[in-house]
Amino acid sequence: MTEAKLREEICYFGKSLFDRGLTPGSSGNISARVDGGWLMTPTNSCLGRLDPATLSKVDDRGNPVSGDKPTKEAFLHLSMYAERPGAGAIVHLHSTHSVAVSILADTDPDEPIPAITAYYVMKIGKLALLPYYSPGDLTLANAVKEVAGRHHAVLLANHGPVVAGKDLETAVYATEELEETAKLYLMLRGEKLKILSVEQVNELHRKYPS
Ligand SMILES: [Zn+2]
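Residues numbered from 1 in each chain as written. Predicted model: local features only at pLDDT ≥ 70, side-chain atom pairs only at ≥ 80, totals over all residues. Heavy atoms only, no water.

### Focus: a nonpolar patch on the surface
Turning to step 1, where the next piece is worked out: A contiguous nonpolar surface patch, about 420 Å² in accessible area, is contributed by Leu 184, Met 187, Leu 188, Leu 193 and Ile 195.
Turning to step 2, where the next piece is worked out: With respect to the helices, strands and loops of the structure, Leu 193 is situated in the loop between helix H6 (168–187) and helix H7 (198–207). (Patch = residues over 30% accessible without salt bridge, like charges linked within 9 Å, V, L, I, M, F, W, Y side chains within 5 Å. Areas by Shrake-Rupley, 256 points an atom, 1.4 Å probe, with all protein chains shown as cover. Salt bridge = Lys/Arg side-chain N within 4 Å of Asp/Glu carboxyl O. Helix = DSSP H or I, 4+ residues; strand = E, 2+ residues; numbered from the N terminus.)

Okay, structure coming up:
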């Protein structure tokens, strides 16, 4: 895909996510790999009103090359890419239901959301829940690095998900699957659940390796 097309795609998906209420105000950010670096959404930008011409471009060390100043959360993306050389794009949202799950006191950090649907298992697999860090705390970068090699989807407590994919469409769809599964899970809290068995989960991983 050309850089021009990728710029358009970032704006298209940004607007789609914003219009459906998946990240409010100027929250959330998107990045995608290009030759020699990454495109990123600018700081304080609303994902519903991105301009392909002013997206931030950073080099392979994260230094600004062109466009508006990159998102303050660029370090989250860069630390994920550092551990996942196959990742072509990353989506970070402040999506309500995923954030809600991260706030529940009894959420299991090793399995924040159980395997309740096949598509959750196929698109997210094993989600990592990281503890709370205040905005801009750069030690969060190390925490993300520690788990990003094993998890392409990370949930930041009291904040939101960060999801990597081989390309932008894959990362967006996985983030949406996470949000919808979080919503389902919250709807079902307090009910007796029939979650997928270990055998069923393993079969999915065999049939649809990520
Ligand atoms: Zn954020």
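### Examining the coordination of the zinc ion
Six octahedral donors at a metal ideally form angles of 90 or 180 degrees, and four tetrahedral donors ideally form angles of 109.5 degrees.
Turning to step 1, where the next piece is worked out: Distances from the zinc ion to its protein donors, Glu 73 (OE), Glu 73 (OE), His 92 (NE2), His 94 (NE2) and His 159 (NE2), fall within 2.0 to 2.6 Å.
Turning to step 2, where the next piece is worked out: Each donor residue of the zinc ion lies on one chain, and together they are spaced E-x18-H-x1-H-x64-H. With Glu 73 in the loop between strand E4 (64–66) and helix H2 (74–83) and His 159 in the loop between strand E7 (153–156) and strand E8 (160–165), this residue pair connects regions lying 86 residues apart in the sequence. By the burial criterion, Glu 73 is buried, and His 159 matches it. (Donors = N, O, S within 2.8 Å, 3.2 Å for Na, K, Ca; no water. Buried < 20%, exposed > 50% of the residue type's maximum accessible area, 1.4 Å probe, protein only.)

### Things to note about the pattern of salt bridges
Turning to step 1, where the next piece is worked out: Counted under the stated rule, the structure contains seven salt bridges.
Turning to step 2, where the next piece is worked out: Its salt-bridge partner being Glu 3, residue Lys 57 comes within 2.9 Å of it at the nearest N-O pair. Remark: Glu 3 occurs in helix H1 (residues 3–19) and Lys 57 occurs in strand E3 (residues 56–59); sequence separation between them is 54 residues.
Turning to step 3, where the next piece is worked out: One salt bridge connects Glu 203 with Lys 207, and the closest N-O pair in it is separated by 3.8 Å. Note that Glu 203 and Lys 207 are positioned in helix H7 at a spacing of four residues, about one turn of the helix.
Turning to step 4, where the next piece is worked out: Judged by relative accessible area, Glu 203 falls into the partly exposed class, the value being 37%.
Turning to step 5, where the next piece is worked out: For Lys 207, a relative accessible area of 52% translates into the label exposed.
Turning to step 6, where the next piece is worked out: Each of Glu 3, Arg 7 and Lys 57 takes part in a single network of salt bridges with overlapping partners.

### Overview of the sheet that holds E4
Turning to step 1, where the next piece is worked out: Spatially, the eight strands line up as an open sheet ordered E4-E3-E2-E1-E5-E8-E7-E6, and their pairing is mixed. The sheet is open, and its two edges are formed by E4 and strand E6 (128–130), each paired on a single side. Neighbour-to-neighbour, the strand axes of this sheet turn through a mean angle of 25 degrees, independent of strand direction.
Turning to step 2, where the next piece is worked out: In terms of strand pairing, E6 meets E7 through three bridges, oriented parallel. When the bridges of E7 are listed, Leu 129 appears paired with Leu 155.
Turning to step 3, where the next piece is worked out: Each of E6, E7 and E8 is contacted by helix H3 (residues 96–103), which is oriented at about 65 degrees to E7, the strand it contacts most. (Pairing = 2+ DSSP bridges. Axes fitted to C-alpha atoms, helices over the stretch in contact; angles between N-to-C directions. Contact = heavy atoms within 4.5 Å.)

### A closer look at the nonpolar core
Turning to step 1, where the next piece is worked out: Leu 76, Met 80, Leu 130, Leu 140, Val 144 and Leu 156 are the most contacted members of the largest nonpolar core, which totals 22 residues.
Turning to step 2, where the next piece is worked out: Where this core is concerned, the elements lending two or more residues are strand E2 (37–40), H2, E6, helix H5 (139–148), E7 and E8.
Turning to step 3, where the next piece is worked out: A per-element tally of this core places H5 first, with six residues.
Turning to step 4, where the next piece is worked out: Apart from the residues within four sequence positions on either side, Leu 140 is in contact with Phe 75, Leu 76, Leu 130, Tyr 133 and Leu 156.
Turning to step 5, where the next piece is worked out: Core analysis: the next-biggest nonpolar cluster, separate from the first, contains 19 residues, Val 34, Leu 39, Leu 47 and Leu 55 among them. (Core = buried A, V, L, I, M, F, W, Y, C linked by side-chain atoms within 4.5 Å.)

### Looking at the side chain of Thr 175
Turning to step 1, where the next piece is worked out: Mapped onto the secondary structure, Thr 175 falls in helix H6.
Turning to step 2, where the next piece is worked out: In contact with Thr 175, not counting residues within four places along its chain, are Val 91, Leu 93, Pro 161 and Val 163.

### Side note on the pairing of strand E5 (residues 89–92)
Turning to step 1, where the next piece is worked out: Of the two faces of E5, the one holding Ala 89 and Val 91 and the one holding Ile 90 and His 92 are both buried throughout.
Turning to step 2, where the next piece is worked out: Pairing geometry for strand E1 (residues 29–34) and E5, over four bridges, is antiparallel. In the sheet register, Ser 31 faces E5, and the bridge partner there is Ile 90.
Turning to step 3, where the next piece is worked out: Pairing analysis gives four bridges linking E5 to E8, with the strands arranged antiparallel. By the bridge assignment, Val 91 is partnered in E8 with Val 163.

Structural measurements only, silent on function.
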